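Architecture and fold: a report
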Amino acid sequence: MEDLRRIWEHVGPYEWAAGQDWMCEDLIIHGGTAGPLTFVGTHLSVAEHQARTVRNFLDLRSLAPELRIIPTLQGGSVPEYHACAELYESYGVNLRREPVVGLGSVCRLQSTRQGAEIVTAMAARGYRLHGFGFKTLGLERVGHLLASADSMAWSTHARNRPPMPGHPHKNCANCIDYALNWRTRMLAKLPTWHQPTLERRTAA
């Protein structure tokens, strides 16, 4: 929380920040490998991951209500996301009144039928959704159901290329100009009615 206060005071007001949530992907729960990365797994249940996600949000909101920390939904299937939403509601959190609700554990599902069903189901509950880790394929499919989305794809792309003309850094992996150019190109690929807000001032 001290980091968020420092950002607010020294960088400028942000729209919102996402607290720690507990992802529910099989890789995170059961362990395994993804490319060069190895995960030992938490070996906890989806319900426990959801409970810890909700408790963390409640603690942060209680300790620092002024810091604009958003709730995040977690799960692995439509019924599990509904269960997570209802867990928030059971603690008196009206997700329909939140400026945005994070949608976690969908980055690997975003362009699949299962991912689309999850996004559609949560949007139908009346939530303004933020899609974590949404790339072009996912936005093409369900971008119109999101209030905003983010992705680090632009940074990965820039890290493996020379910097933009006139830029003195080694690469543009942390460059706002490269990020905005990427955003412009990506939005141009999407039908207007499929474009989310794509918030630019977030902290996680």
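Basis of the calculations
- Residues numbered from 1 in each chain as written.
- Predicted model: local features only at pLDDT ≥ 70, side-chain atom pairs only at ≥ 80, totals over all residues.
- Heavy atoms only, no water.
- Axes fitted to C-alpha atoms, helices over the stretch in contact; angles between N-to-C directions.
- Helix = DSSP H or I, 4+ residues; strand = E, 2+ residues; numbered from the N terminus.
- Left-handed = near helix turned anticlockwise from the far one by under 90°.
- Contact = heavy atoms within 4.5 Å.
- Nonpolar A, V, L, I, M, F, W, Y, C, P; charged D, E, K, R; others polar.
- Core = buried A, V, L, I, M, F, W, Y, C linked by side-chain atoms within 4.5 Å.
- Buried < 20%, exposed > 50% of the residue type's maximum accessible area, 1.4 Å probe, protein only.

Another aspect to go through is the packing of helix α3 (residues 46–63) against helix α4 (residues 78–90). Orientation of α3 relative to α4, taken along the N-to-C sense of each, is 35°, at an axis distance of 10 Å. The element α3 and its partner α4 pack so that their crossing is right-handed. Seen from α3, the contacting residues are V46, Q50, A51, T53, V54 and F57; seen from α4, they are E80, Y81, C84, L87 and Y88. In terms of residue class, the contact of α3 with α4 is built from eight nonpolar, two polar and one charged.

Time to look at the environment of T33. As for its placement among the helices and strands, T33 is situated in strand β2 (residues 32–34). Apart from the residues lying within four places of it in its own chain, the contact partners of T33 are L27 and T38.

The next subject is the nonpolar core. Counting residues in each nonpolar core, the largest one holds 35 residues, and the members touching the most others are L73, Y88, L95, L103, L129 and F134. Contributions of two or more residues to this core are made by α3, α4, β6 (101–103), α5 (113–124), α6 (136–142) and α8 (176–189). For this core, the element with the most residues is α5, which contributes five residues. In contact with L73, other than residues within four places in its own chain, are Y81, C84, A85, Y88, L95, V101, G102, L103, G104, M122 and Y127.

Distances and angles like these do not, on their own, reveal function.
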